[in-house]
Amino acid sequence: MLRCDIITIFPEFFREAFDYGIIRRARAAGLVETEAHDLRQWTSDKHHVVDDRPFGGGEGMVLKAEPIFAGVRELTGCSNREAYSPQTRVILLSPQGRVFTQALAEDLSRNASHIVWICGRYEGVDERVSEALVTDEISIGDYVLSGGEPAAVVMIDAVVRLLPGALGNESSATNESFSQDLLDHPHYTRPTEFSGLSVPDVLLKGNHAEIARWRRAAALRKTQRNRPDLLK
Ligand code: ADE
């Protein structure tokens, strides 16, 4: 069982996020548990303030350290990174993180039993969170979101579908894009003719060696066109 605790100022964002498809089934099967926690519950002032102006000046607001420390302490039982169990990961979603990959999704799905996801907001998060609490500071790509919430949904989806038993067919995660060196090959289904567009003949003839050869060549062409960086 993988336990996912999300620390956010928008817990409502996650209300239905995990209620669809594979992730819903994985929850129903008891493979994963997800819970979104309102960061404001860990403030101690009357107005539940979670952000403040940056030292040194500059634009925007910074998420304060104390509520995040209190939240991580409550959810993990620990006040610093060194005290976590080896199966506990605390992930900060931020555009300053290292870029999320399928390899990290596989690592988390195999090795973690408890993940705390901290959703950054505004111009940033007090750096002491990274310094003392976070095991992995992760960006989902080289673009800036208004907050870490969509990134947490993306990462949780990618991790949960890799949990043993989450996919109907255990082999279906090993053939797809990024598990090997190429993008996945193209797929077609019925009808064979549609609006003047036809399915490649080789796929209709049942010669499995030919089909495998065609798929490899088509995957190469697609990788060359869309992701030439993968071929280097
Ligand atoms: N927060 C803002 N931008 C982000 C990104 N690209 N990845 C993760 N968290 C973010």
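Some remarks on the pattern of salt bridges
Two side chains that carry opposite charge are able to pair once their charged atoms sit near each other.
Part 1: Evaluation of the coordinates by the stated rule reveals 13 salt bridges.
Part 2: Here Asp19 ties to Arg27 by a salt bridge, and the two come within 2.7 Å at their closest N and O atoms.
Part 3: What makes Asp19 partly exposed here is its relative accessible area of 25%.
Part 4: Since its relative accessible area comes to 32%, Arg27 is described here as partly exposed.
Part 5: Between Asp136 and Arg89 there is a salt bridge whose closest N-O contact spans 2.9 Å. With Asp136 in strand 8 (residues 136-139) and Arg89 in strand 5 (residues 88-99), this residue pair connects regions lying 47 residues apart in the sequence.
Part 6: Its relative accessible area of 4% is what places Asp136 among the buried residues.
Part 7: Overall, Arg89 belongs to the buried group, its relative accessible area being 13%.
Part 8: One continuous salt-bridge network, built from bridges that share partners, spans Arg3, Asp5, Glu33 and Glu35.

Some details on the site of the ligand
Part 1: Among the 13 residues in the neighbourhood of the ligand, the closest are listed as Ser94, Ile140, Gly141, Tyr143 and Leu145.
Part 2: Burial of the ligand by the protein chains amounts to 97% of its free accessible area of 260 Å².
Part 3: The cavity that encloses the ligand is the largest pocket.
Part 4: Within the residue set of the shell around the ligand, elements represented by two or more residues are strand 5 and strand 8.
Part 5: With 3 residues, strand 5 is the single largest residue contributor to the shell around the ligand.

What about the domain arrangement of the protein?
Part 1: The domain architecture assigned to the protein consists of domain 1 (2-160) and domain 2 (175-231).
Part 2: For domain 1 and domain 2, the distance between their C-alpha centroids amounts to 37 Å.

Remarks on the packing of aromatic side chains
Part 1: Within this structure, the stated rule accounts for 3 aromatic pairs.
Part 2: Between Phe13 and Phe14 the ring centres are 5.2 Å apart and the planes differ by 70 degrees, which places this aromatic pair in the edge-to-face class.
Part 3: By relative accessible area, Phe13 is classed as partly exposed at 43%.
Part 4: Summarising the aromatic geometry, the rings of Phe14 and Phe18 are spaced 6.2 Å apart at their centres and angled 20 degrees between planes, so their arrangement reads as stacked. This pair shows no difference in class: Phe14 is buried, exactly as Phe18 is.
Part 5: Among the aromatic side chains, those forming a connected cluster through ring pairs are Phe13, Phe14 and Phe18.

The rules behind these values
Residues numbered from 1 in each chain as written. Predicted model: local features only at pLDDT ≥ 70, side-chain atom pairs only at ≥ 80, totals over all residues. Heavy atoms only, no water. Salt bridge = Lys/Arg side-chain N within 4 Å of Asp/Glu carboxyl O. Buried < 20%, exposed > 50% of the residue type's maximum accessible area, 1.4 Å probe, protein only. Helix = DSSP H or I, 4+ residues; strand = E, 2+ residues; numbered from the N terminus. Near = heavy atom within 4 Å. Areas by Shrake-Rupley, 256 points an atom, 1.4 Å probe, with all protein chains shown as cover. 1 Å grid on protein atoms, 1.4 Å probe; cavity = no way out; pocket = protein on both sides within 12 Å on 5 of 7 lines; lining within 4 Å. Sits in = over half its atoms within 2 Å of the grid points. Domains from an automatic or database assignment. Phe/Tyr/Trp six-rings, centres within 6.5 Å; stacked < 30°, edge-to-face > 60°.

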